[in-house]
Amino acid sequence: MYFDDEPGPVFRPPSEADSFILRVTVGCSHNACTYCNMYRTVKFHVKTPDDVSAQIQAAVAAGLPVKRVFLADGDALVLSVERLLSILSELYAAFPKLQRVAAYAGPRAILGKDRRDLLALREKGLKLLYYGLETGDDRLLKEINKGVDAREAVEAGCRVRAAGIKLSMMIIIGLGGVGGSAEHARHTAEAVNIIKPDMLSALTLMLYRGSELKEKYERGQFNILTPPQLMDELSAVLRGINLPPDARTLFRSNHISNYVSLAGTLPKDKEKLLRQAEAAHAELVKMPFYDPYNNAEYF
Ligand code: SF4
């Protein structure tokens, strides 16, 4: 639920379905990843304090029993620490039952905050950040124009963890195409091992209309992975993830983009997940390959 009538797409993670969505920015300040078209139609800007307060008061007036808030849009952490602290204070004052405030965070926005900033935000109630690492491969990060190199991408994840803010991290299976698959899998697993996120979601690459990567694919310059190849890559990532025995990373590969739904806790369920991925692979190789982008109106 949200109370903002400014045009433009509003996205939120699936786990924020019941949250009050508070738009503190519109669009994404980076807005340049080659695989993403989420906010291409909107010019990034920051919502005014009055605008933010009006949304909060509308939710209060509606009598909503708000327990969770998600700060939208694409990388709300880009706001200054002072502004974020002020929003958090306003939220916790307005909603006595509020338990958690979460947001998407781009790597540059995270790196723009130091440890003290992030600690202050956590203490004021910023409990969870959703961060798209996408890959740990330096070459691929440059190719997709993520705005950071591999060292910075890993540092961003570590910084969130070190501040005690829960980190839900996304990676994208298939992002490197056929040619980049092995390196993508290897370096992504290495990055996960260093960051040790609380939650890890493996999404599957989807090529969206209006994105540079879709255009590259249409020019024949990017070869997508077939479903069995995607399972191979996912297995390679899982094999490469070696977290300490006491880690409890919730692993999910059950996004709408995934061919097969997998879920477990790492490292405990690693072997089980690998067996499930192998079984899925055995089924997928029996099926004819259907190019999802042929005549697809949706992408
Ligand atoms: S940072 Fe996220 S929302 Fe912004 S362009 Fe990249 S993928 Fe899209």
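What you are looking at is a predicted structure, and each value in this text was computed from that prediction instead of being measured.

1. As for the pattern of salt bridges
Across all of its chains, the model carries 19 salt bridges by this definition. Across the pair E155 and R159 runs a salt bridge, and its minimum N-O distance is 2.9 Å. Residue E155 and its partner R159 are both found in helix α6 (residues 150-162); the two are separated by 4 residues, about one turn of the helix. Assessed through its relative accessible area of 30%, E155 is described here as partly exposed. Looking at R159, the relative accessible area reads 22%, which means it is partly exposed. In this structure, R186 and E190 form a salt bridge, with 3.6 Å as the shortest nitrogen-oxygen distance. Taken together, the residues R186 and E190, both in helix α7 (residues 177-195) and 4 residues apart, mark about one turn of the helix. A residue is classified by how much of its surface remains accessible, and R186, at 42% relative accessible area, is partly exposed. Put simply, D4, E6, R23, K47, D51 and D73 are held in one network by salt bridges that share partners.

2. Some words on the nonpolar core
L22, L71, L77 and L91 are the most contacted members of the largest nonpolar core, which totals 83 residues. For this core, the two domains that each supply at least three residues are domain 1 (1-104) and domain 2 (147-299). If we ignore the near neighbours within four places in the chain, the residues touching L71 are L22, V24, A76, L84, I87, L91, V101, A102, A103 and Y104. Within the second largest apolar cluster, 9 residues are counted, among which are A72, Y104, L128 and L203.

3. Thoughts on the domain arrangement of the chain
Under the domain assignment used here, the chain contains domain 1 (1-104) and domain 2 (147-299). Taking the mean C-alpha position of each, domain 1 and domain 2 sit 27 Å from one another. Between domain 1 and domain 2, a total of about 700 Å² is buried, with carbon and sulfur atoms accounting for 59% of that surface. Contact with domain 2 buries surface across domain 1, with T34, Y35 and N37 losing the most and accounting together for 69% of the total. Connecting domain 1 to domain 2 are 1 salt bridge. Among the ionic pairs, E212 bridges to R40, the shortest N-O distance being 3.2 Å. Counting across the domain 1 and domain 2 interface gives 4 residue pairs in polar contact (both at pLDDT 80 or more). Here the side of domain 1 that touches domain 2 is built from residues that sort into 4 nonpolar, 3 polar and 1 charged.

4. Observations concerning helix α1 (residues 49-61)
Helix length check: α1, at 13 residues, gives a terminal C-alpha distance of 18 Å against a target of 18 Å (1.5 Å per residue), a fit within 8%. Those residues of α1 that sit buried are V52, Q55, I56 and A59. When α1 is viewed along its axis, its buried side chains cluster within an angular range of 95 degrees and face the same direction. Those residues of α1 that are exposed and aimed more than 90 degrees away from the buried face are D50 and A61. Packed against the buried residues of α1 are β1 (20-23) and α2 (81-94). Just past α1, the residue G63 takes up positive phi, approximately 70 degrees.

Conventions we followed
Residues numbered from 1 in each chain as written. Predicted model: local features only at pLDDT ≥ 70, side-chain atom pairs only at ≥ 80, totals over all residues. Heavy atoms only, no water. Salt bridge = Lys/Arg side-chain N within 4 Å of Asp/Glu carboxyl O. Helix = DSSP H or I, 4+ residues; strand = E, 2+ residues; numbered from the N terminus. Buried < 20%, exposed > 50% of the residue type's maximum accessible area, 1.4 Å probe, protein only. Core = buried A, V, L, I, M, F, W, Y, C linked by side-chain atoms within 4.5 Å. Domains from an automatic or database assignment. Contact = heavy atoms within 4.5 Å. Buried area = accessible area lost by both parts, 1.4 Å probe. Polar contact = N/O pair within 3.5 Å; in protein donor to acceptor, adjacent residues only side chain to side chain. Nonpolar A, V, L, I, M, F, W, Y, C, P; charged D, E, K, R; others polar. Expected span 1.5 Å × (residues − 1). Arc of directions from axis to C-beta.

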